[in-house]
Amino acid sequence: MERREAGDELVFGLDIGTRNVVGTVGFKQDKEFIVLAQYSMEHETRAMLDGQIHDIGRVGNTIRIVKEKLEEQIGQELTSVCIAAAGRVLKTVTTHIEYEFETESVVRAEDIHTLDLLGIERAQAELKEKNDTKYKFYCVGYSVVKYYLNDEIFSNLEGHKAEKISEDIIVTFLPEDVVDGLYAAVAIADLSVANMTLEPIAAIDVAIPENFRMLNIALVDVGAGTSDICITRDGSIIAYGMIPLAGDELTELIVQSYLVDFAMAEHIKLASTKEKEIEYTDIMTLKHTLKSEEVWKLTEGLVDRITTDVANKIKELNGDTTVSATFVVGGGGKIHGFTEMLADKLELPNERVALRGEEVLKEITFEQPDIQKDPLLVTPVGICLNYYEQRNSFIMVHFNGERIKLYDNGRLTIVDAAMQAGFPNEYLFPKRGKEINFTVNGSPRIARGEAGDSAIVKVNDKETNINAPLVANSYITVEPSTAGEAAVITIDDLAEYTQEIVTFEVNGKTIHCPKFVEVNGSIEVSSYHVQEGDVIETRNFYTVEQLAEFMDVEIDQDHVIRVNNRPAELNTLLYENFTVEWTAQAKGTVDFVEEDSEIPLQEPEEEYEALPEKEGEEGESGRELKLQEPEKEPESEKEQEPQMSPFEWASQGGFFDEGPKQEDVPLTEGTQESEEKDEKEEPQPKPEEKPAEDVPKPAPGPLPKGAIQVEVNGNEILLTGKREYIFVDLFDAITFDLNASNGRAIVTTVNGEDASYMQKLNNGDVIEIYWEEK
């Protein structure tokens, strides 16, 4: 609010009534309120009905004129205003709220204010549950009925020590369209709202001093559109109410009876309370004179109806009993016979129902000498005084186009405004993508999704964050936050999956096997994408049967299987470096036979073109693996050699580290050859290297069903016969001597990135396999 040069705070109060707009500017010194300026103006048309604005533009222009007249009187600009609301649909909620301290504490003013806000929030929640109307309600005022200190009634909590404070509070609500209309009209006059209250709350601050409130008293503010009521008892305001009957009903009756416009009817009504005879002009421009008694007689029936409704409402609010006394304020209560009829309906002596005007304005000083203390001034002055009682109790902001009201605790942020507006909390903060819940070896795990983008928050078109403090009357827009990508995790990402190879010794040969991981009881490769609810078990063992299946051999169970020199079964578990001895044969391909035996070779699959291979070599057992060669054509005086089965390839050097070394037929110029030979072995002629470009390529045309085509060291390779292919499947289709390391590390890449043996292959992958030179 504005301040005088002396430092006194100026308060601008505006009573926007159905018939008049009354502006008051003043300041408070001690207990006295000094009115510096006051100006009243009637609406040019019926822009308001029953206390609610119907023509926002016309009301706004009237407010502008009143503001400008006051600015002329005080010599300074007015930018903010206090207002009061009324309306047909008034809701009240009485509730109880408690607040407990962690330890016994001295109650501060801030604690009491927080308690009030908690009570208002609870009342809002209760009204929302019980609201059976189409309206959305806003709180326009509240009164504390009683305070409690450690469950005992106290008139003032501040300064006392307490473990718990509580209160009974009555909160009043009006529909949002009533509040929106008031704010819109005020904005037309370039004013912002500093405080808003309910009209009867404003009136009672003046009409019924606190020392009177111990009595059971009713206050009736009879305006033009509504009659607002409040009840006091035991030092507190205990109830609020409203009836949609007031002075305008009397004016409309006069309009119809005397054939005059609304303004002339108002003149007749007011003159009848002061003059014996009234002169007026009807719409036919004819002049008339009538006695005031004629107006009293005309309005008697309607006054009886209004006072009956007011009396019934007072009794309803007071627990179906009458009150001890009733004060009447507002212009509508000045009509002849109003207080007498109301006393009769309340069953009270006439002297206990009275108009309150000059006698309740004793502590109000008007610096304008022409202003007379009148019941009409009670509410405008009360609006100013209420600012000192409930100032800063709430602020109004616009959130995504909707005006919302928040009770201010001094720490409000944009998050609070969003919650008040019902904006979903999850749309304020970045949302993670869908998470994956699974277990690894019995322990629960969560793979969290990626974080999304935060909400985009703007205040008055300037970007800020959700924790920025709220500024009254600001315009806030919030674009919802977004969700991130869903979680993605493979078995290879698990900390438990640290070693990909398990090593066994089979018939004296070292076999490297990929480590098993079971997902929901099924074996999966390291590239498997973990799914919601998966049960994952890492296996650092094979069974004898699983090892045979991996090596693609059939075990002759007529002979004893030995594991670590002990008899074993197919389900015997094999761990790292276990030794296995068995009699086995390649599935449908070759057998281990005695020397000089010949074994027919399985014909290669049609989808492959055979690469050059070596003839069978002598193994450690002294047996020789011999291959029956298919028909072949000579090539440079050397015959092509048959393609080997996976088991033959493995037995001659694939995953075997020991035993005689075989020469590798290079796929590219960079492929190295093994020079190492067993000293006892007769030297064999080194086969010619076949250039990479001479390696046969798959025939052009569509791929067979289930097949994929990849490029290995520059050569196209076709893989068939499986539903999915992993890296180790390549060694069934190419020749690469894994024993020719000579201390070098093997490099395996897929599409330029390091690859594991269990990595899934896709059609078109570009693969490199070579020894890393030191």
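Residues numbered from 1 in each chain as written. Predicted model: local features only at pLDDT ≥ 70, side-chain atom pairs only at ≥ 80, totals over all residues. Heavy atoms only, no water.

1. Considering the sheet that holds strand 7 (residues 91–106)
Right, so step 1: Across the sheet, which stays open at both edges, the four strands sit in the order 7-10-8-9 with antiparallel pairing between neighbours. Of all the strands in the sheet, just strand 7 and strand 9 (152–154) have a single pairing partner and so form its edges. Direction aside, neighbouring strands of the sheet carry axes that sit 40 degrees apart on average.
Right, so step 2: Here strand 7 runs beside strand 10 (residues 161–175); their pairing, made up of twelve bridges, is antiparallel. Looking across to strand 10, one finds that Tyr99 is bridged to Ile165.
Right, so step 3: Here helix 3 (residues 176–188) sits on the sheet in contact with strand 8 (137–149) and strand 10, set at roughly 85 degrees to strand 10. (Pairing = 2+ DSSP bridges. Helix = DSSP H or I, 4+ residues; strand = E, 2+ residues; numbered from the N terminus. Axes fitted to C-alpha atoms, helices over the stretch in contact; angles between N-to-C directions. Contact = heavy atoms within 4.5 Å.)

2. Overview of the confidence of the model for the chain
Right, so step 1: With 80% of its residues at a pLDDT of 70 or more, the chain shows a mean pLDDT of 78.
Right, so step 2: The model gives residues 1–6 a pLDDT under 50, and that stretch makes 22 contacts with residues more than four places away or in other chains.
Right, so step 3: In this model, residues 590–699 is a region of pLDDT below 50 whose contacts with residues beyond four sequence positions or in other chains number 212 contacts. (pLDDT = per-residue confidence, 0-100.)

3. Here we look at the environment of Leu70
Right, so step 1: Mapped onto the fold, Leu70 is located in helix 1 (residues 56–74).
Right, so step 2: Spatially, the C-alpha atom of Leu70 lies 6.2 Å from that of Ala37, the residues being 33 residues apart in sequence.
Right, so step 3: If we ignore the near neighbours within four places in the chain, the residues touching Leu70 are Phe12, Gly23, Thr24, Val25, Ala37, Gln38, Tyr39 and Leu78.

4. Notes on the packing of helix 7 (residues 292–317) against helix 8 (residues 338–345)
Packed helix pairs are characterised by how far apart their axes lie and by the angle those axes make with each other.
Right, so step 1: Closest axis-to-axis distance for the helix 7/helix 8 pair is 9 Å, and the angle between their directions is 45 degrees. Comparing the axis directions of helix 7 and helix 8 gives the class oblique. Every pair of crossing elements has a handedness; the one defined by helix 7 and helix 8 is right-handed. Between helix 7 and helix 8, the contacting residues are Glu300, Val303, Asp304, Ile306, Thr307, Thr308, Val310, Ala311 and Lys315 on the first element and Phe338, Met341, Leu342 and Lys345 on the second.
Right, so step 2: Looking at the contact of helix 7 with helix 8 residue by residue, the classes come out as seven nonpolar, two polar and four charged. (Parallel < 35°, antiparallel > 145°, perpendicular 65-115°, else oblique. Left-handed = near helix turned anticlockwise from the far one by under 90°. Nonpolar A, V, L, I, M, F, W, Y, C, P; charged D, E, K, R; others polar.)

5. Points about the sheet that holds strand 22 (residues 436–440)
Right, so step 1: Pairing within the open sheet is mixed, and its five strands lie in the order 23-22-31-29-30. Each edge of the open sheet carries a strand with a single partner, namely strand 23 (443–447) and strand 30 (522–524). The mean angle between the axes of side-by-side strands here comes to 35 degrees, regardless of whether they run parallel or antiparallel.
Right, so step 2: Note that strand 29 (residues 516–519) and strand 31 (residues 535–539) share four bridges and pair antiparallel. The residue bridging Phe516 from the neighbouring strand is Arg539, located in strand 31.

6. Examining the nonpolar core
The nonpolar side chains of soluble globular proteins are, as a tendency, buried together.
Right, so step 1: Within the largest apolar cluster, 122 residues are counted, with the highest numbers of intra-cluster contacts made by Ile16 and Ile63.
Right, so step 2: Leave out the neighbours within four places in its chain, and Ile63 touches Leu14, Ile16, Val21, Ala185, Val186, Ala189 and Leu191.
Right, so step 3: Counting 38 residues, the second-largest nonpolar core is a separate cluster that includes Phe438, Ile734, Phe736 and Trp771. (Core = buried A, V, L, I, M, F, W, Y, C linked by side-chain atoms within 4.5 Å. Buried < 20%, exposed > 50% of the residue type's maximum accessible area, 1.4 Å probe, protein only.)

7. Here we look at the packing of aromatic side chains
Right, so step 1: This model, assessed by the stated rule, comprises eight aromatic pairs.
Right, so step 2: Ring geometry for Phe399 against Phe423: centres 5.6 Å apart, planes inclined by 70 degrees, an arrangement best described as edge-to-face. With a gap of 24 residues between them, Phe399 in strand 20 (residues 395–399) and Phe423 in the loop between helix 10 (414–420) and strand 22 connect regions that are remote in the sequence.
Right, so step 3: Accessibility expressed as a relative area gives 3% for Phe399, which makes it buried.
Right, so step 4: With a relative accessible area of 13%, Phe423 lands in the buried category.
Right, so step 5: Between the aromatic rings of Tyr575 and Phe578, the centroid separation amounts to 5.8 Å while the plane-to-plane angle is 65 degrees, which identifies the pairing as edge-to-face.
Right, so step 6: For Tyr575, a relative accessible area of 32% gives the class partly exposed. (Phe/Tyr/Trp six-rings, centres within 6.5 Å; stacked < 30°, edge-to-face > 60°.)

8. With respect to the packing of helix 1 against helix 3
Right, so step 1: The N-to-C vectors of helix 1 and helix 3 enclose an angle of 50 degrees; their axes lie 7 Å apart at closest approach. Classified by the interaxial angle, the pair formed by helix 1 and helix 3 is oblique. The hand of the helix 1/helix 3 crossing is right-handed. Here Ile56, Gly57, Val59, Gly60, Asn61, Ile63 and Arg64 of helix 1 lie close against helix 3, whose contacting residues are Gly181, Ala184, Ala185, Val186 and Ile188.
Right, so step 2: For the contact of helix 1 with helix 3, a count of residues per class yields seven nonpolar, four polar and one charged.

9. As for the pattern of salt bridges
Right, so step 1: Within this structure, the stated rule accounts for 13 salt bridges.
Right, so step 2: Two residues, Glu266 and Lys269, come together in a salt bridge whose shortest N-O distance is 3.0 Å. Linking Glu266 with Lys269, this pair stays in helix 6 (residues 262–271), spanning three residues, or about one helical turn.
Right, so step 3: Residue classification places Glu266 among the buried positions, given a relative accessible area of 7%.
Right, so step 4: The network of salt bridges with shared partners includes Glu98, Asp151 and Lys164. (Salt bridge = Lys/Arg side-chain N within 4 Å of Asp/Glu carboxyl O.)

10. A word on the side chain of Asp765
Right, so step 1: Summarising the element assignment, Asp765 is placed in the loop between strand 46 (760–761) and strand 47 (766–771).
Right, so step 2: This buried residue, Asp765, is left without a salt bridge; Lys760 holds the nearest opposite charge, at 9.4 Å.
Right, so step 3: Only 2.8 Å separates the side chain of Asp765 from the backbone nitrogen of Asn762, close enough to count as a polar contact.
Right, so step 4: Each residue touching Asp765, except ones within four places of it in the same chain, is listed here: Gln709, Val710, Glu711, Val750, Asn751 and Lys760. (Lys, Arg positive; Asp, Glu negative; His and termini not counted. Polar contact = N/O pair within 3.5 Å; in protein donor to acceptor, adjacent residues only side chain to side chain.)

11. A word on the side chain of Glu71
Right, so step 1: Within the secondary structure layout, Glu71 lies in helix 1.
Right, so step 2: When residues no more than four places from it in sequence are discounted, the contact partners of Glu71 are Gln76, Glu77 and Leu78.

12. Focus on helix 6
Right, so step 1: Listing the buried residues of helix 6 in full gives Phe262, Ala265, Glu266, Ile268, Lys269 and Ala271.
Right, so step 2: The elements touched by buried residues of helix 6 are helix 5 (247–258), strand 15 (277–281) and helix 7.

13. Overview of unusual backbone geometry
Right, so step 1: A positive phi angle, close to 55 degrees, is found at Asp234, a residue other than glycine.
Right, so step 2: Here Asp234 is to be found in the loop between strand 13 (227–233) and strand 14 (236–243).
Right, so step 3: Taking relative accessible area as the criterion, Asp234 reaches 45% and is therefore assigned partly exposed.
Right, so step 4: Look at Asn400: it is not a glycine, yet its phi comes out positive at around 50 degrees.
Right, so step 5: Along the chain, Asn400 turns up in the loop between strand 20 and strand 21 (402–406).

14. What to know about the environment of Leu317
Right, so step 1: Structurally, Leu317 is set in helix 7.
Right, so step 2: Judged by its relative accessible area of 18%, Leu317 is buried.
Right, so step 3: Separated by 76 residues in the primary sequence, Leu317 and Gly241 have C-alpha atoms spaced 7.3 Å apart.
Right, so step 4: When near neighbours in sequence (up to four residues on either side) are disregarded, Leu317 contacts Ile229, Ile231, Ala239, Tyr240 and Gly241.

15. Brief notes about the pairing of strand 29
Right, so step 1: Residue alternation in strand 29 divides its side chains into two sets, Phe516 and Glu518 and Val517 and Val519, and both sets are buried.
Right, so step 2: Relative to strand 30, strand 29 runs antiparallel, the two sharing three bridges. By the bridge assignment for strand 30, Val519 is matched with Ser522.
Right, so step 3: The turn linking strand 29 back onto strand 30 is made up of two residues, and Asn520 within it adopts a positive phi angle of 55 degrees.

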